Amino acid sequence: MELVLPVSAPPAVPVRGSSALFPVRRIYCVGRNYADHAREMGGDPGREPPFFFGKPHDSVVPGGGDIPYPPRTSNLHYEVELVVALAKGGRDIPVAEALGCVFGYAVGIDLTRRDLQAGSKEKGQPWDMAKGFDQSAPVSPITPASAAGHPESGAIWLAVNGAEKQRGDLAQMTWRVPEVIAHLSTFVALAPGDLIFTGTPSGVGPIVRGDRVRCGIEGIGELEIVLV
Ligand code: MN
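Quick caveat: nothing in here was measured; it's all calculated off a predicted structure.

### A few points about the coordination of the manganese ion
In this structure, Glu79 (OE), Glu81 (OE) and Asp110 (OD) serve as the protein donors to the manganese ion, at separations of 2.0 to 2.2 Å. Summarised as a motif, the one-chain spacing of the donors to the manganese ion is E-x1-E-x28-D. On the criterion of sequence distance, the pair formed by glutamate 79 in the loop between β7 (76-78) and β8 (80-86) and aspartate 110 in the loop between β9 (102-109) and β10 (112-113) is long-range, its members being 31 residues apart. Each member of the pair, glutamate 79 as well as aspartate 110, carries the same accessibility label: buried.

### As for the pattern of salt bridges
All chains considered together, the criterion is met by nine salt bridges. We note a salt bridge from glutamate 79 to lysine 131, for which the minimum N-O separation is 3.4 Å. Here the residue glutamate 79 occupies a position in the loop between β7 and β8, and lysine 131 occupies one in helix α4 (residues 128-131), the gap between them amounting to 52 residues. Assigned by exposure class, glutamate 79 and lysine 131 land together as buried. Here arginine 214 and glutamate 224 are joined by a salt bridge, their closest N and O atoms 3.0 Å apart.

Cut-offs used in this document
- Residues numbered from 1 in each chain as written.
- Predicted model: local features only at pLDDT ≥ 70, side-chain atom pairs only at ≥ 80, totals over all residues.
- Heavy atoms only, no water.
- Donors = N, O, S within 2.8 Å, 3.2 Å for Na, K, Ca; no water.
- Helix = DSSP H or I, 4+ residues; strand = E, 2+ residues; numbered from the N terminus.
- Buried < 20%, exposed > 50% of the residue type's maximum accessible area, 1.4 Å probe, protein only.
- Salt bridge = Lys/Arg side-chain N within 4 Å of Asp/Glu carboxyl O.

What follows is the structure in structure tokens.
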């Protein structure tokens, strides 16, 4: 097939214990999935069905590192999240079969232009420019489930310049990983290479140029970014 433009290779994330990379197809994110974060955002911490938004696949920043402070914001926020990497997909995946689709897990930061998001919410406009901007999805190397299993609990934390800002536990997730996968697969066909950000605990806040953000999840890994 002849194409009128060159096609770029898919972005790819390192895999712990392997020289092979995980190719990223799509990036999905869950809104409010920890009750205390739902409260701090002024929302209902109840068990309403999860809602989803997306980021472009090339917004991924494999392994973190230096990230330029994005344009059109004066209130960039961090959100540390467990990221699920899929090896298999499908539609209407039953909860009981969902973990069979998982390749592994990573630590991610759902970078958010909070001022744009607040403006969008107010006007009933889409979140895309608040959530899906360039380099908005730093992700640590992926730890395969074959090595670490499927975490149901464990500390999830984030620190800015050495000061802890977020600390929660995966057990606090309103919707667990298998439920998130099952719900999402009723809206779209999931496929190998998909990443799912599963929501953040409370303590989100602003970061500025020069800040060093370090975060981690017990048993999964750590990730560091520096805003430049
Ligand atoms: Mn988030």
